[in-house]
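Results of the structural survey
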Amino acid sequence: MAQAILDVMPGASTGTVQVSDPLNFWAGKRVEPRQQKNAEPVFEPATEITTAQQEKEQEKREKIAKLEVINNGKSITEALVDIDIAWQCIEYYAGLAGALAGQHVQLPGGAFAYTRREPLGVCVGIGAWNYPFQIAAWKSAPALACGNAMVFKPSPFTPVTAVILAEIYKEAGVPDGLFCVVQGGAETGTILCQHPKVAKVSFTGSVPTGKKVMEMSAKGVKQVTLELGGKSPLIIFKDCDLENAVRGALMANFLTQGQVCCNGTRVFVQKDIMPQFLEEVVKRTKAILVGDPLLDSTRMGALINKPHLEKVLGFVSQAKLQGARVLCGGERFVPSDPKLVNGYFMSPCVLDNCRDDMTCVKEEIFGPVMSVLPFDTEEEVVQRANNTTFGLASGVFTRDISRAHRVAENLEAGTCFINNYNISPVEVPFGGYKMSGFGRENGQVTIEYYSQLKTVVVEMGDVDNYF
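Residues numbered from 1 in each chain as written. Predicted model: local features only at pLDDT ≥ 70, side-chain atom pairs only at ≥ 80, totals over all residues. Heavy atoms only, no water.

Within the protein chain one finds 13 helices and 20 strands. Relative to a compact globule of 467 residues, whose C-alpha radius of gyration would be 23 Å, the protein chain shows 24 Å and is just as compact. Scored against the burial criterion, the 467 residues of the protein chain give a buried share of 54%. Considering only contacts in the protein chain between residues 6 or more positions apart, those separated by 24 or more positions represent 73%. Just so you have it, the protein chain exposes about 21,200 Å², and 54% of that area is on carbon and sulfur atoms. For the protein chain, the centre of its 45 positive side-chain charges and the centre of its 51 negative side-chain charges are spaced 4 Å apart. (Helix = DSSP H or I, 4+ residues; strand = E, 2+ residues; numbered from the N terminus. Rg over C-alpha atoms; globule rule 2.2 N^0.38 Å. Buried < 20%, exposed > 50% of the residue type's maximum accessible area, 1.4 Å probe, protein only. Contact = heavy atoms within 4.5 Å. Areas by Shrake-Rupley, 256 points an atom, 1.4 Å probe, with all protein chains shown as cover. Lys, Arg positive; Asp, Glu negative; His and termini not counted. Charge placed at Lys NZ, Arg CZ, Asp CG, Glu CD.)

Let us now look at the confidence of the model for the protein chain. Averaged over all residues, the pLDDT of the protein chain is 92; the fraction at 70 or higher stands at 90%. Confidence drops under pLDDT 50 across residues 47-57; counting only partners more than four residues distant or on other chains, this segment forms 35 contacts. (pLDDT = per-residue confidence, 0-100.)

The next subject is the environment of Cys-240. Along the chain, the position of Cys-240 falls in the loop between strand 12 (233-236) and helix 8 (242-254). You can call Cys-240 buried: its relative accessible area is 7%. For the pair Cys-240 and Thr-398, spaced 158 residues apart in sequence, the C-alpha to C-alpha distance is 4.1 Å.

Next up on the list: the nonpolar core. Inside soluble globular proteins, nonpolar side chains tend to come together where they are buried. Of all hydrophobic cores here, the largest spans 85 residues; its most connected members are Tyr-93, Phe-179, Ile-236, Phe-277 and Val-281. With residues near it in sequence (within four places) discarded, Phe-277 still touches Ile-236, Leu-242, Ala-245, Val-246, Ala-249, Val-267, Val-269 and Val-372. Among the nonpolar cores identified, the runner-up in size contains 28 residues, and Ile-235, Leu-309, Met-358 and Ala-385 belong to it. (Core = buried A, V, L, I, M, F, W, Y, C linked by side-chain atoms within 4.5 Å.)

A few words now on the pattern of salt bridges. Tallying each qualifying case throughout the model produces 21 salt bridges. Two residues, Arg-384 and Asp-356, come together in a salt bridge whose shortest N-O distance is 2.7 Å. Here Asp-356 lies in the loop between strand 15 (349-352) and helix 11 (359-362) and Arg-384 lies in helix 12 (residues 378-385), a separation of 28 residues in the sequence. Residue Asp-356 is classed as partly exposed on the basis of its relative accessible area, which comes to 29%. (Salt bridge = Lys/Arg side-chain N within 4 Å of Asp/Glu carboxyl O.)

Quick look at the packing of helix 8 against helix 9 (residues 274-286) now. For the pair helix 8 and helix 9, the least separation of the axes is 10 Å and the interaxial angle reads 50 degrees. In this view, helix 8 runs oblique relative to helix 9, as classed from their interaxial angle. Note on packing geometry: the crossing formed by helix 8 with helix 9 is right-handed. From helix 8, Leu-242, Glu-243, Ala-245, Val-246, Arg-247, Ala-249, Leu-250 and Phe-254 reach across to helix 9, where they touch Gln-276, Phe-277, Glu-280, Val-281, Arg-284 and Thr-285. Among the residues making up the contact of helix 8 with helix 9, the classes are represented as 8 nonpolar, 2 polar and 4 charged. (Axes fitted to C-alpha atoms, helices over the stretch in contact; angles between N-to-C directions. Parallel < 35°, antiparallel > 145°, perpendicular 65-115°, else oblique. Left-handed = near helix turned anticlockwise from the far one by under 90°. Nonpolar A, V, L, I, M, F, W, Y, C, P; charged D, E, K, R; others polar.)

The geometry of helix 2 (residues 60-72) relative to helix 5 (residues 161-172) is characterised by a closest axis approach of 10 Å and an angle of 155 degrees between their N-to-C directions. Taken together, the axes of helix 2 and helix 5 are roughly antiparallel relative to one another. Within the contact between the two elements, helix 2 uses Lys-60, Ile-64, Leu-67, Glu-68 and Asn-71 and helix 5 uses Thr-161, Ile-164, Ile-168 and Glu-171. Partitioning the contact of helix 2 with helix 5 into residue classes produces 4 nonpolar, 2 polar and 3 charged.

The next subject is the sheet that holds strand 13 (residues 266-270). Strands sit in the order 14-15-16-13-12-17-18 across an open sheet of 7 strands; the sheet is mixed. With one partner strand each, in any of the chains shown, strand 14 (325-328) and strand 18 (415-418) form the two edges of the open sheet. Mean inter-strand twist for the sheet, computed between neighbouring axes without regard to direction, equals 25 degrees. The sheet contact formed by strand 17 (residues 393-397) and strand 18 spans 4 bridges and is parallel. Directly across from Val-396, in strand 18, lies its bridge partner Ile-418. With respect to the sheet, helix 12 is in contact with strand 12, strand 13 and strand 16 (369-375), its orientation differing from that of strand 16 by roughly 145 degrees. Contacts between helix 13 (residues 401-410) and the sheet are confined to strand 12, strand 17 and strand 18, with strand 18 contributing the most and set at about 165 degrees to the helix. (Pairing = 2+ DSSP bridges.)

Under the 1.5 Å per step criterion, the end-to-end length of helix 10 (residues 306-321) is 23 Å for 16 residues, consistent within 8% with the ideal 22 Å. Along helix 10, the residues that are buried comprise His-308, Leu-309, Val-312, Leu-313, Phe-315, Val-316 and Ala-319. Each buried residue of helix 10 lies within a common arc of 140 degrees when the element is viewed along its axis, so the set occupies one face. Of the residues in helix 10, the exposed ones pointing more than 90 degrees away from the buried face are Pro-307 and Leu-321. Of the surrounding elements, those touching the buried residues of helix 10 are strand 14, strand 15, helix 11 and strand 16. The N-cap of helix 10, judged by a side-chain oxygen 2.9 Å from the amide nitrogen of His-308 a few residues on, is Asn-305. One or two steps after helix 10, the chain reaches Gly-323, where phi turns positive at roughly 110 degrees. (Expected span 1.5 Å × (residues − 1). Arc of directions from axis to C-beta. Polar contact = N/O pair within 3.5 Å; in protein donor to acceptor, adjacent residues only side chain to side chain.)

Right under this line is the structure:
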C-alpha cells in the first residue's frame, strides 16, 4: 500500500540510486513485466541519490515530493507545489463525479428527450517527464470520475512516482484494475494506442510524437487529447508594473529548469523599457541558486538527462552564431558539492539581440533559455507573437485593462495570462491551439473529453406512420 511504502522509504541524499522494485501496477499490485526478454529500458533519474536511514517520519506529501525530485531533478520547492496541484485535481474531480448530468428536452405532443453522459471505457494516459506525478493525476482523475478505467504509461525517464499514485488510489478504495501503470518506451506506447479495447488516448509530449499517437489512434477511430509543445509569447508593455513583469518573465522561463511546454520563452518588451527590463531580469537570473534540488534553498535543479542538456546548450551556441548576445548563463554548471559534479546542470540564460527568424526564437528549446525581443506597437507585436506554428500559451503585462483584453482576444493560444504567468489552477481548462494540440485538461470541460453523450428519445403517444 502507498502508506506502507512511503513510510519505509529511507532518507535520500545526493548521490546514486539503483531502482530495483517493480514499477508496473496491475490488478491492484506491483508486478514484474510479463516479457522480460523484450523489456524496454527504464532510465535513471536526472538527479542521482543514495539512501540513508530516515531519522524521523515525514508527512506523506513531503515524501512524495522528495521522490519526485529524485524522479525528475526539479527543486523540492517546486515538487511540493506539484504534489499539491495533484491532490487538488483528484479532490476536484471527485467532487464533480456525483454531479455528472444530462439535459431534458421537452418535445411536441408530450414527448421528450434526455441525454446521459456515459463512460468511454478504457482510456490510455501517456505522460511526460517534466511533471510526472502531476500529469498522472491530471489524466487519471477526470477519467476515473467519468467511470472509465485508465492504463497510464509514464515517461521511461521518470518511471517512479506514477506507481505511487496507483498505490494511493488503491489505498483510497479504487477497485483493482481501474488505474494501472505500465512502463516502457515507444513500443509500449504503440501497443497501447493500437489496442482494440482502448477507447481514448490522452498524450502529453512533443509534436512529432503527438502526430504519431494521433495517426495510430486514428486507425481505431479512438478519441485523442494532445497536449504538445509550445513557443509561447510573453508581451510586456511600457505601462506595466515592471517588478511584476520581471517576476512573470522568470516564472515564464525557469520553472522546472525551463522544461515546461507552456513557457513564455519569446519575451517581447516594448523598446521604451527594454534597458530597465534587461538590467533587472539579468540581475534576478544570475541570483537563481542552481544545485542540489533536495535543498530548500535551491531554485533550479538538474535537467532530465545528458543528451537533453547537450541539446539545450547547443541551442545557445547556435543562437550566438546567429547573432544573439548572451547576457548571462547558458553554460554547463558544476556545483561545488563533489557528489553533483556529474549532474546535468546548466546556468539559466538570457539572450538579447534576438530576431524572429533565429532558431532560438522559432523552435522549442525546453530548457532555461529566455529570448528577449524588442517591439514598438501593439499591432506589430500581436502579429509577431502569432507568427508561429504553436499556440499553447501567451501572456501580457500592462496596466491598461482594455489593451489586456484586446491583446488576449487576438493572441492565437489556448491560454492567455494577464499580469501573471504559469499558474495552473485545476478549475481552469488547459490546452492548445494549432500544433500545440487539442482537447483540454482540467476544469469542468474535461468531463466532455472523458465521456460520451447518449440521446434518449421518449414517445408518450402513438407513432406517426407514413406507410
